[in-house]
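The residues making up each chain are set out below.
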There are 2 protein chains.
Amino acid sequence: MTGPRLVSILRQGPYLIASIHTALDDSQMTAFQHDLVDRIGRDRARGVVIDVAALDVLDSFATRTLRTIGEVARLRGAVTVVVGIQPEVAFTMVALGMDTGSLHTALDLEEGLALLDRAVGPRRPVTALRGGAA
Amino acid sequence: MTGPRLVSILRQGPYLIASIHTALDDSQMTAFQHDLVDRIGRDRARGVVIDVAALDVLDSFATRTLRTIGEVARLRGAVTVVVGIQPEVAFTMVALGMDTGSLHTALDLEEGLALLDRAVGPRRPVTALRGGAA
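It should be emphasised that the depicted structure is a prediction, and the values quoted were computed from it without experimental measurement.

Draft legend 1. Broad picture of the overall build of chain A. Along chain A, the regular secondary structure elements total four helices and five strands. Counting helices and strands in the order they occur from the N terminus, chain A gives β-β-α-β-α-β-α-β-α. Taking all 134 residues of chain A together, the buried fraction comes to 53%. Summarising the internal contacts of chain A: among those between residues at least 6 apart in sequence, 70% fall at separations of at least 24.

So this is what it looks like as structure tokens:
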């Protein structure tokens, strides 16, 4: 398991929220990928949000890993959304022609969860948690 | 920020409407691109309409910039539609083999907004959505 400093994976209802807190090297990225996919099965997750807001670079290995996670998660029945891609990071990814075609993306955690709600379908009423107004 | 004469970026609900009022040189086009991507984050926009009806030419740099905006916007969670491409402009773009592959396009602002409504899914009150019954 990657230490809590680098990455955290939290469960929220049917979703997993993975935050990458700092740039990961390739082996850490690979470990993260395996941890996350394990958790999908263990927690029976229907959706995964990967928050990369803390990163100011996403190199091609990291991008490919995120894409792999998205595809593997899909095969395990979960939808993946990457959120928090910073503007400069996005420009660089596009300039370098990184293929992000199959990745769902959203502005931030809130939008990512909303996207999952739409993609995964009506929530089991798991979520008094988020239920806005009292 | 590019002056109001050249470009305007207005917010309408969850969408941004950017109108290019006159031909932009490359540096103005680049500035426009960055302004617009910043606004996506600031306004939490889910969709962007870029109106190029005032332009009677779209050169390859401008076309590439529009494509970049579309891809960067997607990574930031927004769908981009280019509207108002004039017939002669469209003929020229096709004749020159400009690659517009990933760009959504629509006839005019109205059709562009309709396309966003379909692409982005049920409009906002996403939070009401989650907050169970009234």
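Draft legend 2. Region of interest: the relation of the copies chain A and chain B. Aligned on chain B, chain A shows an RMSD of 0.1 Å; the corresponding rotation is 78 degrees and the shift along the axis is 4.1 Å. Little of the interface of chain A is mirrored in chain B, where only 9% of its interface residues are also at the interface.

Draft legend 3. Region of the structure containing the nonpolar core. In terms of nonpolar packing, the biggest core is built from 33 residues, with F32(A), L36(A), I50(A), V52(A), L58(A) and I85(A) touching the most fellow members. Counting residues per element, this core draws most heavily on helix α3 (residues 87-95) of chain A, at five residues. Excluding its chain neighbours within four sequence positions, the residues that come into contact with V52(A) are I20(A), L58(A), L66(A), V82(A), V83(A), G84(A) and I85(A). If you look at the next biggest cluster of nonpolar residues, it comprises 26 residues, including I50(B), V52(B), A78(B) and V82(B).

Draft legend 4. Structural view of unusual backbone geometry. All names here are of chain A. The phi dihedral of R44 is positive, around 50 degrees, even though this residue is not glycine. If you trace the backbone, R44 turns up in the loop between α1 (26-42) and β3 (47-51). Taking the relative accessible area as the measure of exposure, R44 reaches 68% and is therefore exposed.

Draft legend 5. Representation of the interface of chain A and chain B within the structure. Counting from both sides, the interface comprises 23 residues of chain A and, opposite them, 21 residues of chain B. For the pair chain A and chain B, the number of links is four salt bridges. The partner of R46(B) in a salt bridge is E111(A), and the shortest N-O contact between them spans 3.9 Å. Only α3, β5 (104-106) and α4 (109-120) of chain A provide two or more residues apiece to the side of chain A that touches chain B. The leading source of residues in the side of chain A that touches chain B is α4(A), at six residues. When grouped by side-chain class, the residues that make up the side of chain A that touches chain B number eleven nonpolar, five polar and seven charged.

What counts, and at which threshold
- Counting from 1, residues in each chain are numbered in the order their sequence is written.
- Numbering of ligands from 1 and lettering of chains from A proceed in the order in which they are written.
- Residues qualify for local features only when their pLDDT is at least 70, as the model is predicted, and side-chain atom pairs are given and counted only at 80 or more; totals for whole chains, interfaces and linings, by contrast, use all residues.
- Where side-chain values are given, they derive from all heavy atoms of the structure, hydrogens and water being excluded.
- We count a stretch as a helix when DSSP gives it H or I for four or more residues in a row; a strand needs E for two or more, and each element gets its number in order from the N terminus.
- Only protein chains enter the accessibility calculation, which uses a 1.4 Å probe. A residue is then buried if its area is under 20% of the maximum for its type, exposed if over 50%, and partly exposed in between.
- We call two residues contacting when some pair of their heavy atoms lies within 4.5 Å.
- Superposition of the copies used a least-squares fit over C-alpha atoms from residues whose pLDDT is at least 70 in both.
- The set of buried Ala, Val, Leu, Ile, Met, Phe, Trp, Tyr and Cys residues whose side-chain atoms join them within 4.5 Å is what this entry labels a nonpolar core.
- Salt bridges, as used here, are contacts in which a Lys or Arg side-chain nitrogen is within 4 Å of a carboxyl oxygen on Asp or Glu.
- Each residue is assigned to one of three groups, with Ala, Val, Leu, Ile, Met, Phe, Trp, Tyr, Cys and Pro labelled nonpolar, Asp, Glu, Lys and Arg labelled charged, and all others, Gly among them, labelled polar.

Function cannot be read off these values alone, since they describe shape.
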